[in-house]
Amino acid sequence: MADMEAIKEAVSKGKRKEIVGLVQAALDQGADPQKIINDYMIEAMKEVGARFEAKKIFVPEMMMSARTMQTGLDVIRPIIAESGSQQEKVGTVVIGTVFGDLHDIGKNLVVLMLESSGFEVINIGENVPPETFVEKARELGADVVGLSSLLTTGDPHVKATVEAFKNSDLAGKVKVVCGGAAVTPKFAVETCGADGHATDAVDAVKVIINLIGQS
Ligand code: B1M
């Protein structure tokens, strides 16, 4: 019986040395990779966020949990990615985390899910200024651009990035989708004028497929 709670505990407490063995054992015993991520790793990160907010832990502990999750994801990634390599290309997505924000775990999960669904995805990293999003989308022939934002201080950068697309030659041609814990659907679509909002990595695939179908 796979010890899924031990995976959650390892991420939550930042026990990086234990995570590879635990995740591998769970996979060997037939655990669903998506379930490991969604029901245990992401839940652990929610606990970490709550402990940070309550000032029970600080940035170094949060960092250890992040590294532990990333190490665990490295074990799962090839399994999920394999399904995408056999599919026809559905479209091109350029994705990055907005200016001032260095969080990358959620964005990287979105990349993984999109790739596994047949998208070509170009991950342009974190702390990306609005004009770089536009330049990269143009250069790489993006159908859709994804913005990730985890910090509420990033709201003006989300808005500025959406506006940069509207004021560019790509307006109406490239769709912009926002996600990340700091961004609500109302803020993304009504306030900023984005084409869509996605709550998680699975939703991102659905929203982007719908948008590509409309264009
Ligand atoms: Co940060 N941090 N952090 N942090 N951190 C949060 C976001 C916070 C909510 C914690 C808290 O207080 N509860 C808080 C923000 C508060 C706010 O703005 N309201 C916060 C803070 C304050 C900070 C610092 C300012 C702390 C400090 O220095 N005093 C600092 C900022 C640094 C910076 O970016 N400039 C900071 C730093 C860090 C670490 C470096 C230590 C680390 C990040 C490491 C890394 O990413 N490599 C970290 C972490 C780990 C977190 C928490 C605990 C976890 C984030 C995470 O990875 N979640 C986080 C608390 C929380 O979110 N509950 C927190 C797991 C991930 C799978 O979920 O990223 O939400 P998520 O992604 C989801 C969806 O949101 C969606 O799909 C993903 C998969 O389901 N999604 C998209 C994400 N992007 C998308 C893009 C799309 C579509 C969907 O495009 C189409």
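Computed from a predicted model, the values in this text were never measured in an experiment.

Trainee: Outline the overall build of the protein, supporting the account with residue identities and numerical values.
Mentor: Each helix and strand in the protein was counted, giving nine helices and five strands. For the protein, the C-alpha radius of gyration of 18 Å lies close to 17 Å, the compact-globule estimate for 215 residues. Each principal axis of the C-alpha atoms in the protein carries an extent, and together these give about 55 × 45 × 25 Å. Of all 215 residues assigned to the protein, the portion counted as buried reaches 47%.

Trainee: Any chance you could break down the pattern of salt bridges for me, citing the residues and the numbers?
Mentor: Enumeration over the complete set of coordinates arrives at eleven salt bridges. Across the pair E47 and K8 runs a salt bridge whose closest N-O atoms are separated by 3.3 Å. Here E47 is found in helix α3 (residues 33-53), whereas its partner K8 is found in helix α1 (residues 4-13), with 39 residues between them in sequence. By relative accessible area, which is 33% here, E47 ends up partly exposed. For D169, the salt bridge goes to R138, with nearest N and O atoms at 2.8 Å. Of the two residues, D169 sits in the loop between α7 (155-166) and β4 (175-179) while R138 sits in helix α6 (residues 130-140), which places them 31 residues apart along the sequence. D169 gets classed as partly exposed once you look at its relative accessible area, which sits at 42%. Note on R138: relative accessible area 41%, which makes it partly exposed. Here the salt bridges share partners, and the residues they tie into one network are E9, K13 and K15.

Trainee: If you had to explain the environment of A182 to someone new, which residues and values would you point to?
Mentor: Tracing the sequence through the fold places A182 in the loop between β4 and α8 (185-191). For A182, a relative accessible area of 13% corresponds to the buried category. For the pair formed by A182 and D155, sequence separation is 27 residues and the distance between their alpha carbons is 7.6 Å. In this structure A182 touches S149, L150, L151, T152 and D155, once residues within four positions along its chain are discounted.

Trainee: Summarise the pairing of strand β2 (residues 120-123); cite the residues concerned and give the values.
Mentor: Where strand β1 (residues 92-97) and β2 come together, four bridges link them in parallel fashion. In the sheet register, T92 faces β2, and the bridge partner there is E120. Each parallel crossover has a hand, and the one from β1 via helix α5 (residues 105-116) to β2 is right-handed.

Trainee: Account for the domain arrangement of the protein, with residues named and values stated.
Mentor: Splitting the protein by domain gives domain 1 (4-83) and domain 2 (92-214). For domain 1 versus domain 2, the separation of C-alpha centres amounts to 25 Å. The interface is formed by twelve residues belonging to domain 1 together with six residues belonging to domain 2. In total, domain 1 and domain 2 occlude about 810 Å² of area from one another, counting both sides; carbon and sulfur atoms represent 74% of this. In terms of surface lost to domain 2, no three residues of domain 1 exceed Q70, R77 and I80, which account for 39% of the buried area on that side. The tally of links from domain 1 across to domain 2 stands at zero salt bridges.

What counts, and where the lines are drawn
- Residues numbered from 1 in each chain as written.
- Predicted model: local features only at pLDDT ≥ 70, side-chain atom pairs only at ≥ 80, totals over all residues.
- Heavy atoms only, no water.
- Helix = DSSP H or I, 4+ residues; strand = E, 2+ residues; numbered from the N terminus.
- Rg over C-alpha atoms; globule rule 2.2 N^0.38 Å.
- Buried < 20%, exposed > 50% of the residue type's maximum accessible area, 1.4 Å probe, protein only.
- Salt bridge = Lys/Arg side-chain N within 4 Å of Asp/Glu carboxyl O.
- Contact = heavy atoms within 4.5 Å.
- Pairing = 2+ DSSP bridges.
- Right-handed = clockwise from strand over helix to strand, strands pointing away.
- Domains from an automatic or database assignment.
- Buried area = accessible area lost by both parts, 1.4 Å probe.

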